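The lines below spell out each chain.
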Amino acid sequence: MSEKGAVLLHGGTLVDGSGAPSRRADVLLRGDRIVAVGEVADEEAKGAERIDCSDLVVAPGFIDVHTHYDAQLLWDPAATPSCFHGVTSVMAGNCGFTIAPLGENGPAYLQRMLARVEGMPIEALEAGPEWSWKGYGQFLDRLDEGLAVNAGFLVGHSALRYATMGEAAIGERATAAQLETMSQLLGEALRAGGLGLSSGRTPAHQDWEGRFVPSYHADDEELLALCRVVREHPGTTLEFAPSLADFEGTGELMIRMSLEAGRPINWNVLIVNAERPEEYRTQLALSDRAAERGARVVPLSVPHPMEFYVDLVSPFFFGGLPGFQEIMALPIDERRVASVSY
């Protein structure tokens with residue numbers, strides 16, 4: 001009879017996350033605690049369920065800091081396929097894209113925006129559970145029903161802007177009253193459990209109609225004002241999708257955002273290209289310049305070549321090409337015909 005809650009992971013190749021070389025080791029767990037690592041004696045492991053890991057790697061769960069699982073977790077609480085690859089914790093709500101808070105017509109706009117900018121099938125978003133919440137805390141409560149992974153969520157600037165300004169969020173500058181409302185919504189979201197603020201100004205992010213997403217239209221003062229709200233909430237962070245075409249100007253903005261918030265800012269994405277090393281070296285130098293001024297600016301990089309699955313279903317790639325914006329907004333059958341004639 002095994003001891004309740006005791007498990008011995010025996011004979012696996014341990015990669016402990018410290019940077020140390022892998023080694024063969026046993027891991028003994030009792031309840032939710034690791035109580036022994038190394039050569040665990042039979043007496044010490046008496047009564048524990050024994051799992052043979054001799055052909056397996058034993059490692060801490062991976063943390064994926066950049067995901068867009070916000071909607072998928074509503075119908076897939078295991079966050080597949082990430083959970084099959086050892087990911088046990090995910091951070092969603094990146095790039096300014098969250099599905100809370102919601103204002104009038106919020107679900108319809110945000111679903112179509114996510115379908116375009118993140119390649120999510122609009123059919124899945126529309127067929128999934130109803131977006132019945134309004135506030136950010138209500139969204140978190142809705143998700144806290146049987147999640148199989150640890151999940152944390154940033155507060156998306158585009159969602160804040162659309163909840164406050166409606167269609168005016170696309171193209172117009174926020175008034176002082178609207179900025180105050182956005183700041184209040186952000187503060188409420190952070191108190192409810194939001195991990196920080198995400199935003200972005202990359203022209204690659206466009207909504208279903210081919211317009212730049214709401215956060216793209218925010219001026220510097222709006223961004224800095226929201227960063228000052230983040231400063232009031234310990235343990236929070238910033239995430240940003242910058243314009244790589246204007247990295248010098250955007251880099252200065254990210255330094256100012258970090259200083260105003262008193263928080264690190266993670267930006268997406270550093271692409272290392274051996275044929276153009278001056279680009280990534282210039283981008284990496286931003287972290288040093290930020291540190292000299294007391295800020296912390298950290299790039300997120302992809303550890304493998306950038307690859308895209310391109311088709312007429314997802315509007316993400318073709319929708320960014322001249323002449324294709326209107327085509328990719330059509331129903332799929334009409335897209336095929338229109339693209340052939342184009």
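What you are looking at is a predicted structure, and each value in this text was computed from that prediction instead of being measured.

**Q** Could you give me a rundown of the environment of Gly319, with the residues and numbers involved?
**A** Within the secondary structure, Gly319 sits in the loop between strand 13 (297-301) and helix 9 (332-341). Residues Gly319 and Gly210, spaced 109 residues apart in sequence, show a C-alpha to C-alpha distance of 7.0 Å. Not counting the four nearest positions on each side in its chain, Gly319 is found in contact with Arg116, Gln206, Phe324, Gln325 and Met328.

**Q** Just give me the short version of the packing of aromatic side chains, but keep the residues and values in it.
**A** What the rule picks out here adds up to seven aromatic pairs. With 4.2 Å between their ring centres and 5 degrees between their planes, Tyr109 and Tyr162 make a pair best called stacked. Here Tyr109 is found in helix 1 (residues 106-117), whereas its partner Tyr162 is found in helix 4 (residues 157-165), with 53 residues between them in sequence. Of the two residues, Tyr109 and Tyr162, neither departs from the other in class, the shared state being buried. Seen in terms of ring centroids, Phe212 and Tyr216 are 4.1 Å apart; in terms of plane orientation they differ by 35 degrees. Their pairing is tilted. Phe212 sits in the partly exposed class, given a relative accessible area of 28%. Site record: aromatic cluster; members linked through ring pairs are Trp131, Trp133, Tyr136, Phe139 and Phe153.

**Q** Go over the layout of surface pockets with me, naming the residues and quoting the values.
**A** What the second largest pocket holds in volume is close to 240 Å³. Here the lining of the second largest pocket is built from residues that sort into eleven nonpolar, two polar and four charged.

**Q** Summarise the sheet that holds strand 9 (residues 155-156); cite the residues concerned and give the values.
**A** Strand order across the open sheet formed by five strands is 9-10-11-12-13, with parallel pairing between neighbours. On the outer flanks of this sheet lie strand 9 and strand 13, each paired with one strand and no other. Across five bridges, strand 10 (residues 196-200) lies against strand 11 (residues 237-241) in parallel orientation. Considered in strand 11, the bridge of Gly196 is made with Thr237.

**Q** For the sheet that holds strand 7 (residues 87-92), give the residues involved together with the corresponding values.
**A** One open sheet accounts for three strands, arranged 6-7-8; its pairing is parallel. With partners counted over all chains shown, the strands left at the sheet margins are strand 6 (62-64) and strand 8 (150-153), one partner each. When the angles between neighbouring strand axes are averaged without regard to direction, this sheet yields 15 degrees. The pairing of strand 7 with strand 8 spans four bridges and is parallel. Residue pairing in the sheet places Met91 in a bridge with Gly152 of strand 8.

**Q** Account for the pattern of salt bridges, with residues named and values stated.
**A** This model, assessed by the stated rule, comprises 18 salt bridges. Arg33 is paired through a salt bridge with Asp32; the nearest N and O atoms lie 3.2 Å apart. The pair formed by Arg33 and Asp32 is uniform in burial state, with each residue classed as exposed. Between Arg276 and Glu279 there is a salt bridge, with the nearest N and O atoms lying 2.9 Å from each other. Judged by relative accessible area, which is 36%, Glu279 ranks as partly exposed. Connected through salt bridges with shared partners, the residues Arg112, Glu167, Asp207, Glu209 and Arg211 form a single ionic network.

Criteria and thresholds
Residues numbered from 1 in each chain as written. Predicted model: local features only at pLDDT ≥ 70, side-chain atom pairs only at ≥ 80, totals over all residues. Heavy atoms only, no water. Helix = DSSP H or I, 4+ residues; strand = E, 2+ residues; numbered from the N terminus. Contact = heavy atoms within 4.5 Å. Phe/Tyr/Trp six-rings, centres within 6.5 Å; stacked < 30°, edge-to-face > 60°. Buried < 20%, exposed > 50% of the residue type's maximum accessible area, 1.4 Å probe, protein only. 1 Å grid on protein atoms, 1.4 Å probe; cavity = no way out; pocket = protein on both sides within 12 Å on 5 of 7 lines; lining within 4 Å. Points joined across faces, edges and corners; volume = space filled by probe spheres on them. Nonpolar A, V, L, I, M, F, W, Y, C, P; charged D, E, K, R; others polar. Pairing = 2+ DSSP bridges. Axes fitted to C-alpha atoms, helices over the stretch in contact; angles between N-to-C directions. Salt bridge = Lys/Arg side-chain N within 4 Å of Asp/Glu carboxyl O.

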